[in-house]
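Residue-level listing of the chains:
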Amino acid sequence: MTSVLSDRINQMEESATLAMAKKARELKAQGIDIISLSLGEPDFKTPKHIQEAAKASIDEGKYFAYPPVAGYQDLREAIAKKLREENKIADAMAENIVVSTGAKHSIANVFMCMINEGDEVVIFSPYWVSYAEIIKLAGGIPVTIEGSLENNFKATAKQLEEAITDKTKAIIYSSPCNPTGSVFSKEELEAIAEVVKKKENLFVIADEIYELINFTGKHASIASFPGMFERTITVNGFSKGYAMTGWRVGYICAPLFIAKACEKMQGQFTSGGTGIAQRAALAAISGDQTASKEMEKAYLNRRDLVLKLIQEIPGFKTHVPEGAFYFFPDITYFFGKSANGFTINNADDFCIYLLEKANVSLVTGEAFGAPNCVRISYAASEEELVEAMKRIKEACANLK
């Protein structure tokens, strides 16, 4: 019945991270002991004071009506204040903020508002799985520039300059990066900004959703550089740093005409995000940050633990992630090897092999624009991580 469906949905790829997580859940439901390291899902509970703010908003009874499309004014003001004070984005005001149902929704709004048929968007690769599909849905053409393992998977300003054409409308990157955990330094972003400013009407979408999980202590926002506020859409949210994935609250900070366009788009598609979740988000951004800092420390400990365990697996090649909660090892060593009649031809096969033989769920790098890699999420308990890496090591040892 695919002929009944639109071309856009027939041509769209399924989210690989969600697909693997779904398969892992199905196997768990069958009683199989699956350790899932596939989703970018913090395993911490949402901090107590954020939960309490949500409960209080229910008791107040004021937040059951439709919220303003762009978000509650006090939340937008708090976000803008945070961006001015912490990110040094001096021009950020409440009117530049649009609150949406998660950062993915924010990115979709931006591309639907900015991209015309045939416009090109340069994606720094490896990239988050949904970038390319959202761009294509908006009628755009994704153009990838690939960061090498030797450069911590970070594409360079020189590569960007070489990729820009008359059709280039925007660029998009994430820092800290999903899937690699790499962090762009201030100097690297300044070089990128200089390239962007050479081309009229070229914009940057800076995905900073992992900002609060940064082990370098030096997060840089490209919108803070001279001449870049009017060229940048900063995307952020509450899912990762506050363990609020299911609350679904993200936002953009953008030049006013883009913010107004996204508000218009959102008004027709979803209206404003859930009022109770927005009250929780306000408590998160304006309240005690201790819990977020403790989570960041825990992720750093887990990174170091998993790094040691990965280095004990012959054939895995990895850099040291500087943020987020992922490893992205190159596993080409295993291509062509077999065990029990199962041959590894690519990263997809490798993930299926580990799911079936080791009961560990990972995500193929193919979905992130890096077909020689796999993504390992360490947003899990240390006990689970130790057991998962033990299983992976044993399964890999059987491949000959």
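One can find the structure itself at the top, above this paragraph.
Quick notes on the rules
Residues numbered from 1 in each chain as written. Predicted model: local features only at pLDDT ≥ 70, side-chain atom pairs only at ≥ 80, totals over all residues. Heavy atoms only, no water. Pairing = 2+ DSSP bridges. Helix = DSSP H or I, 4+ residues; strand = E, 2+ residues; numbered from the N terminus. Buried < 20%, exposed > 50% of the residue type's maximum accessible area, 1.4 Å probe, protein only. Axes fitted to C-alpha atoms, helices over the stretch in contact; angles between N-to-C directions. Contact = heavy atoms within 4.5 Å. Disulfide = S-S within 2.5 Å. Core = buried A, V, L, I, M, F, W, Y, C linked by side-chain atoms within 4.5 Å. Phe/Tyr/Trp six-rings, centres within 6.5 Å; stacked < 30°, edge-to-face > 60°.

> Help me understand the sheet that holds strand β9 (residues 326-327), please; the structure alone is not making it clear to me.
Paired through backbone hydrogen bonds, the strands of a sheet run either parallel or antiparallel to each other. Spatially, the three strands line up as an open sheet ordered β9-β14-β13, and their pairing is antiparallel. Either end of the sheet is taken by a strand with one partner, and the two such strands are β9 and β13 (363-364). Examined bridge by bridge, β9 and strand β14 (residues 374-377) share two bridges and lie antiparallel to one another. Bridging from a neighbouring strand, Phe 327 pairs with Ile 376 of β14.

> It is not clear to me how the pairing of strand β7 (residues 232-237) should be interpreted in this structure. Could you clarify?
Remember that side chains alternate between the two faces of the sheet whenever the strand is regular. Burial of β7 is extensive: six of the six residues sit out of reach of the surface. Summarising the sheet, strand β6 (residues 203-207) and β7 pair through four bridges and their orientation is parallel. Looking at β7, one finds that Asp 207 is bridged to Val 235. As paired strands, β7 and strand β8 (residues 250-253) are joined by four bridges and run antiparallel to one another. Bridge pairing in β8 links Val 235 to Ile 252.

> Looking at this structure, I do not really get the sheet that holds strand β5 (residues 168-174). What am I missing?
Across the sheet, which stays open at both edges, the seven strands sit in the order β2-β8-β7-β6-β5-β3-β4 with mixed pairing between neighbours. A strand with exactly one partner marks an edge of an open sheet, and here the two such strands are β2 (97-100) and β4 (141-146). On average, each strand axis in the sheet is inclined to that of its neighbour by 20°, with strand direction left out of account. Looking at chain direction, strand β3 (residues 120-125) and β4 are connected through six bridges and run parallel. Bridge pairing in β4 links Val 121 to Pro 142.

> Honestly, helix α6 (residues 130-137) in this entry has me stumped. Any pointers?
Counting buried residues along α6, six of its eight residues qualify, which places the element largely inside the surrounding structure. The secondary structure elements touched by the buried residues of α6 are α1 (7-11), α5 (103-114), β3, β4, β5 and β6. Directly beyond the C-terminal end of α6, a positive phi value near 95° is found at Gly 139.

> Looking at this structure, I do not really get the state of the cysteines. What am I missing?
When the sulfur atoms of two cysteines share a covalent bond, that bond is a disulfide. Counted under the stated rule, the structure contains zero disulfides. Free cysteine Cys 373: the closest other cysteine sulfur is in Cys 351, separated by 11 Å. Not part of a disulfide, Cys 396 finds its nearest cysteine sulfur in Cys 351, a span of 11 Å.

> Teacher, can you tell me more about the nonpolar core here?
A general trend in soluble globular proteins is that nonpolar side chains are found buried together. In terms of nonpolar packing, the biggest core is built from 81 residues, with Leu 37, Phe 111, Ile 233, Phe 316, Phe 350, Leu 362 and Ile 392 touching the most fellow members. Excluding anything up to four places from it in sequence, Phe 111 contacts Val 121, Ile 134, Ile 135, Ala 138, Ile 172 and Ile 205. In terms of nonpolar packing, the next biggest core, distinct from the first, is built from 28 residues, Ala 92, Ala 223, Val 249 and Tyr 251 among them.

> Which parts of the structure should I look at to understand the packing of aromatic side chains?
Here a ring pair, both rings aromatic, is described through the centre-centre distance and the interplanar angle of the planes. For the structure shown, the criterion picks out 21 aromatic pairs. For the ring pair Phe 153 and Phe 328, a centre distance of 5.5 Å and an interplane angle of 75° mean the geometry is edge-to-face. Here Phe 153, found in the loop between β4 and α7 (157-163), pairs with Phe 328, found in the loop between β9 and β10 (338-339); they are 175 residues apart in sequence, far enough to count as distant. The pair Phe 153 / Phe 328 is uniform in exposure class, with both members buried. Between Phe 327 and Tyr 378 the ring centres are 5.5 Å apart and the planes differ by 55°, which places this aromatic pair in the tilted class. With Phe 327 in strand β9 and Tyr 378 in the loop between β14 and α13 (382-397), the pair connects residues that are 51 residues apart, well separated along the chain. By relative accessible area, Phe 327 is classed as buried at 0%. By relative accessible area, which is 0% here, Tyr 378 ends up buried.

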